[in-house]
Amino acid sequence: MTSASTAQSASADRTDPEAPPPQGGGGGVPAIIRRRLATVETRLDVNSWIATAVVVTIAAVLRLLGLSSPKGKIFDEIYYARDGYGLIDKGVEWNYKDNGPSYVVHPPLGKWLIGLGEWAFGYQDAETNISVPGHLMTTAPEFGWRIGAALAGIVSVLLLTRIARRLFRSTTLGCAAGLLLALDGFHLVLSRTALLDIFLLLFVLAAFGALVLDRDARRRRWARALDEGLDPSLPGRAGRPAGGWRNWPWWRLLAGVLLGCACAVKWSGIYFVPVFGLLVLLWEVGVRRSAGARRPWRDALLDELPWLVLAGLLVVGTYVLSWSGWLLSDEGYYRSAAKYPNLPGLNDTPIIGALNNLFHYHKAAFEFHTGLETAHKYQSWPWQWLLLGRPVAFHWSGDGACGAPTCASEILLLGTPLLWWSFLPALAATLWLGVARRDWRAGAILAAVAAGLLPWFWYALDGRTMFSFYAAPALPFLVLAVVYVLGAIATPTTPDPTTPTGRVQPGTVPDGTPPDGTAQPGTTPDGTARDDTPPAGTAPDGTPPDGTAPDDPGSDVGRPVDPKATVMVAQADAATAEQLADRRLIGGVIVGAYVLLVALCFAYFYPIFVGNLLPYDDWSARMWLDGRWI
């Protein structure tokens, strides 16, 4: 159990925890408040970027090597590769067989991104007799429609590495998160296939990263204001930091745009909108409470609700903008009432008519999604996903020579088993540690996982047809949960100068912040002072800043110092440091061994992630769950 989880209430002679902390400008802000509002330094850390580059390079090699194999369109590429080319060619999804618009049930942004690859590197479709060269260079057509997904997968590894580093304030843990995502078979397969889900994952993760940056920016804003003499206990604007366009929550507004992009790839991105909005509100309440505002909830609602509404409008505006090809053309499905005279409700009134027709199109698509109950060989239920109960086979072939009587080539959408079977224990541990430590990081991770998975349990009650790749946007947060637990296991021993004895707190990383996200000493993880925190300025021996001794009759303040006692304390400190060093070594070995085992597991299954030709017996040996994976 950590110190944060075992903190006890303050004794009656301590400062009232409900009272606002003392304020002062010009460097007079108490150190405890500075620690509450501390964020990751913004200066460039070259070493962390070098380490990040190594992880991203590994991800890029795995995703780009042999990207054109297998040949032809696999699984749902038969829809999305064609839709992407139609968008680039005509501005709407197009059925070249019937020479008319296609009826599609997903928004266009992901297909636009697939189409950009086809525009750059060329597109061929023998079935419809289409062959066009690339505008940048002409490659194998498979490369053209898959490169967009590959780049999205690579960028998502980069983002997760930097987000995890900022969350846990540890380059090692950040790189561990990025490496685990890079070595996940589920992520690899989606990154090498022209499907939409990798783009949804990218935009959701980017929005989360923008909100983490927004949280840090807002805390720095409050810290600067307190340094300048702000008294947050004052009513109205006098108790708030200065406004102005430079202090607008730009990262939050960017998150609104990115969430709009997520919804413009697949509608399931909308589940993250209210969850992320709630996180922002809770973080804003926390920063005001840390600063000493008397009514943090009221102030947060008054100050931030307009910005949240504006971010919501950006979500909607970005989503509608993604339909610009449909809106600016008369060729789209349901676009023109004149071309669909038998469909009630359509009209061709300028602007309003287009939006009205777009609404009817969405209504029809929604009815399709909610009524999708057609049985499929690879459908699965949400409670099976994290257990790898029914992966999806994207490609299968028994052709080719492999040196054995029978051969097999398969691309199976399967998560790296050791990593995925760690998710449920990691979620349970994250919940326990988050409650024990009152850790905002754990809450954010769990909330994002819930947004990505729980809505599908509701649809399961209606028997809707679903597939394991619906879990894609939750994947980065599941990896963060694993790394969160790894950070709790690995306990560095760097002395923490903010503690009176200089001792390290369990799990503290070199900058003084625990890698698992717990708070600085003397605070709870959300930055609020613990009840057992001594007043600001208290000396290491417990003497208050005014020099008076504590009221505790058992206090040793003012008594002669016993040299033997001093030696005993020094010996105890040395013993504690040695114990922490041993724990750090053991924890580091455990974490390193886990990551290595995941890498070995990934290497073993790699042939069925990329469609390498194997002897049938070797392929069969990788079907650990037999019929569930076949």
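Scroll up a little and you will see the structure.
In this text, all values refer to a predicted model and were calculated from it rather than measured experimentally.

Quick look at the state of the cysteines
What makes a disulfide is a covalent bond joining the sulfur atoms belonging to two cysteines.
Phase 1 of the analysis: Tallied over the entire structure, the rule returns 1 disulfide.
Phase 2 of the analysis: Two residues share a disulfide in this structure: Cys402 and Cys407, whose sulfurs sit 2.0 Å from each other. Judged by the torsion about the S-S bond (-90°), the Cys402/Cys407 disulfide is left-handed.
Phase 3 of the analysis: By relative accessible area, which is 7% here, Cys407 ends up buried.
Phase 4 of the analysis: Looking at the unpaired Cys261, the closest cysteine sulfur is the one in Cys263, lying at 9.4 Å.

Notes on the side chain of Glu118
Phase 1 of the analysis: Assignment of secondary structure puts Glu118 in helix H4 (residues 109-121).
Phase 2 of the analysis: Of note is the side chain of Glu118, whose polar atom sits 2.9 Å from the backbone nitrogen of Tyr85.

Observations concerning the pattern of salt bridges
Oppositely charged side chains can form a pair if their charged atoms are brought close together.
Phase 1 of the analysis: Counted according to the given criterion, the structure contains 22 salt bridges.
Phase 2 of the analysis: In this structure, Glu284 engages Arg252 in a salt bridge whose closest nitrogen and oxygen atoms are separated by 2.7 Å. Of this pair, Glu284 sits in helix H10 (residues 272-291) while Arg252 sits in helix H9 (residues 250-263), and the two are 32 residues apart along the sequence.
Phase 3 of the analysis: Salt bridges sharing common partners tie together Asp214, Arg218, Arg240, Arg252, Glu284, Arg288, Arg298, Asp299, Asp303 and Glu304.

Looking at the packing of helix H5 (residues 141-168) against helix H6 (residues 171-182)
Phase 1 of the analysis: Between H5 and H6, the least distance of the axes is 7 Å, while the angle of their chain directions is 150°. Classified by the interaxial angle, the pair formed by H5 and H6 is roughly antiparallel. For H5 against H6, the interelement crossing comes out right-handed. Packed against H5, whose contacting residues are Ser156, Val157, Leu160, Thr161, Ala164, Arg165 and Phe168, the element H6 presents Thr171, Leu173, Gly174, Cys175, Ala177, Gly178, Leu181 and Ala182 at the interface.
Phase 2 of the analysis: A breakdown of the residues in the contact of H5 with H6 according to their chemical character gives 9 nonpolar, 5 polar and 1 charged.

A look at H9
Phase 1 of the analysis: For H9, with 14 residues, the first-to-last C-alpha span of 20 Å sits near the 20 Å given by 1.5 Å per residue.
Phase 2 of the analysis: Among the 14 residues that make up H9, 10 are buried, leaving the element largely enclosed by the rest of the structure.
Phase 3 of the analysis: Tucked inside the fold, the buried residues of H9 contact H4, helix H8 (197-227), H10 and helix H11 (296-321).

Quick look at the layout of surface pockets
Phase 1 of the analysis: Roughly 1300 Å³ of volume is contained in the largest pocket.
Phase 2 of the analysis: As for the largest pocket, its lining consists of 48 residues, and the residues nearest its centre are Tyr80, Val105, His106, Phe368 and His369.
Phase 3 of the analysis: Of all the elements in the fold, those that place two or more residues in the lining of the largest pocket are helix H3 (77-90), strand S1 (94-95), strand S3 (123-125), H11, helix H13 (352-370) and helix H17 (440-461).
Phase 4 of the analysis: Here the lining of the largest pocket is composed, by residue class, of 29 nonpolar, 11 polar and 8 charged.

Some remarks on the sheet that holds strand S6 (residues 407-413)
Phase 1 of the analysis: Pairing is antiparallel across the open sheet formed by 3 strands, whose spatial order is S5-S6-S7. Both edges of this open sheet fall to strand S5 (392-397) and strand S7 (613-615), since each of them pairs with a single strand only. On average, each strand axis in the sheet is inclined to that of its neighbour by 40°, with strand direction left out of account.
Phase 2 of the analysis: Here 3 bridges tie S6 to S7, and the two strands are oriented antiparallel to one another. Across the sheet, residue Cys407 finds its bridge partner in S7, namely Pro615.

Some details on the pairing of S6
Phase 1 of the analysis: Counting buried positions over the 7 residues of S6 gives 7, a clear majority of the element.
Phase 2 of the analysis: Neither face of S6 is open: one carries Cys407, Ser409, Ile411 and Leu413, the other Ala408, Glu410 and Leu412, and all of them are buried.
Phase 3 of the analysis: Summarising the sheet, S5 and S6 pair through 5 bridges and their orientation is antiparallel. Across the sheet, the residue bridging to Val392 is Leu413, located in S6.

Brief notes about a nonpolar patch on the surface
Phase 1 of the analysis: Together, Leu44, Val46, Trp49, Ile50, Val54 and Ile58 make up an exposed nonpolar region whose accessible area comes to about 570 Å².
Phase 2 of the analysis: Along the polypeptide, Trp49 turns up in helix H2 (residues 46-64).
Phase 3 of the analysis: Accessibility expressed as a relative area gives 40% for Trp49, which makes it partly exposed.

Describing H17
Phase 1 of the analysis: Between its first and last C-alpha, H17 extends 32 Å over 22 residues, near the 32 Å set by a 1.5 Å rise per residue.
Phase 2 of the analysis: At Ala451, H17 is deflected by roughly 35°, the largest bend along its length, and proline Pro455 occurs up to four residues later in sequence.
Phase 3 of the analysis: The backbone nitrogen of Arg441 lies 2.9 Å from a side-chain oxygen of the residue at the head of H17, namely Asp439.
Phase 4 of the analysis: Count one or two residues on from H17 and you reach Gly463, which has phi positive near 75°.

Some thoughts on the nonpolar core
Within soluble globular proteins, side chains that are nonpolar generally end up buried alongside one another.
Phase 1 of the analysis: In terms of nonpolar packing, the biggest core is built from 139 residues, with Phe276, Phe394 and Phe477 touching the most fellow members.
Phase 2 of the analysis: The element best represented in this core is H8, accounting for 14 residues.
Phase 3 of the analysis: The residues contacting Phe477, other than those within four sequence positions of it, are Val204, Leu205, Phe208, Phe272, Phe276, Ile445, Ala448 and Val449.
Phase 4 of the analysis: Core analysis: the second largest hydrophobic core is formed by 10 residues, Ile33, Leu37, Leu230 and Ala291 among them.

Examining the packing of aromatic side chains
Phase 1 of the analysis: Summed over the entire model, instances satisfying the criterion amount to 46 aromatic pairs.
Phase 2 of the analysis: Taken together, a centroid distance of 5.1 Å and an interplanar angle of 85° make the contact between Phe208 and Phe477 edge-to-face. You can see Phe208 sitting in helix H8 and its partner Phe477 sitting in helix H18 (residues 475-489), a full 269 residues away along the chain.
Phase 3 of the analysis: Judged by relative accessible area, Phe208 falls into the buried class, the value being 0%.
Phase 4 of the analysis: Each residue in the set Phe75, Tyr271, Trp385, Phe394, Trp456, Tyr459, Phe467, Phe469 and Tyr470 is aromatic and connected to the rest through ring pairs, giving one cluster.
Phase 5 of the analysis: Against the face of Trp49 rests Arg162, its NZ or CZ located 3.8 Å from the ring centre.
Phase 6 of the analysis: When the ring centre of Trp326 is taken as reference, the NZ or CZ atom of Arg335 above it lies at 5.6 Å.

Rules of the game
Residues numbered from 1 in each chain as written. Predicted model: local features only at pLDDT ≥ 70, side-chain atom pairs only at ≥ 80, totals over all residues. Heavy atoms only, no water. Disulfide = S-S within 2.5 Å. Buried < 20%, exposed > 50% of the residue type's maximum accessible area, 1.4 Å probe, protein only. Helix = DSSP H or I, 4+ residues; strand = E, 2+ residues; numbered from the N terminus. Polar contact = N/O pair within 3.5 Å; in protein donor to acceptor, adjacent residues only side chain to side chain. Salt bridge = Lys/Arg side-chain N within 4 Å of Asp/Glu carboxyl O. Axes fitted to C-alpha atoms, helices over the stretch in contact; angles between N-to-C directions. Parallel < 35°, antiparallel > 145°, perpendicular 65-115°, else oblique. Left-handed = near helix turned anticlockwise from the far one by under 90°. Contact = heavy atoms within 4.5 Å. Nonpolar A, V, L, I, M, F, W, Y, C, P; charged D, E, K, R; others polar. Expected span 1.5 Å × (residues − 1). 1 Å grid on protein atoms, 1.4 Å probe; cavity = no way out; pocket = protein on both sides within 12 Å on 5 of 7 lines; lining within 4 Å. Points joined across faces, edges and corners; volume = space filled by probe spheres on them. Pairing = 2+ DSSP bridges. Patch = residues over 30% accessible without salt bridge, like charges linked within 9 Å, V, L, I, M, F, W, Y side chains within 5 Å. Areas by Shrake-Rupley, 256 points an atom, 1.4 Å probe, with all protein chains shown as cover. Bend = angle between axes of the 7 residues up to and from the residue. Core = buried A, V, L, I, M, F, W, Y, C linked by side-chain atoms within 4.5 Å. Phe/Tyr/Trp six-rings, centres within 6.5 Å; stacked < 30°, edge-to-face > 60°. Lys NZ or Arg CZ within 6 Å of the ring centre and 35° of its normal.

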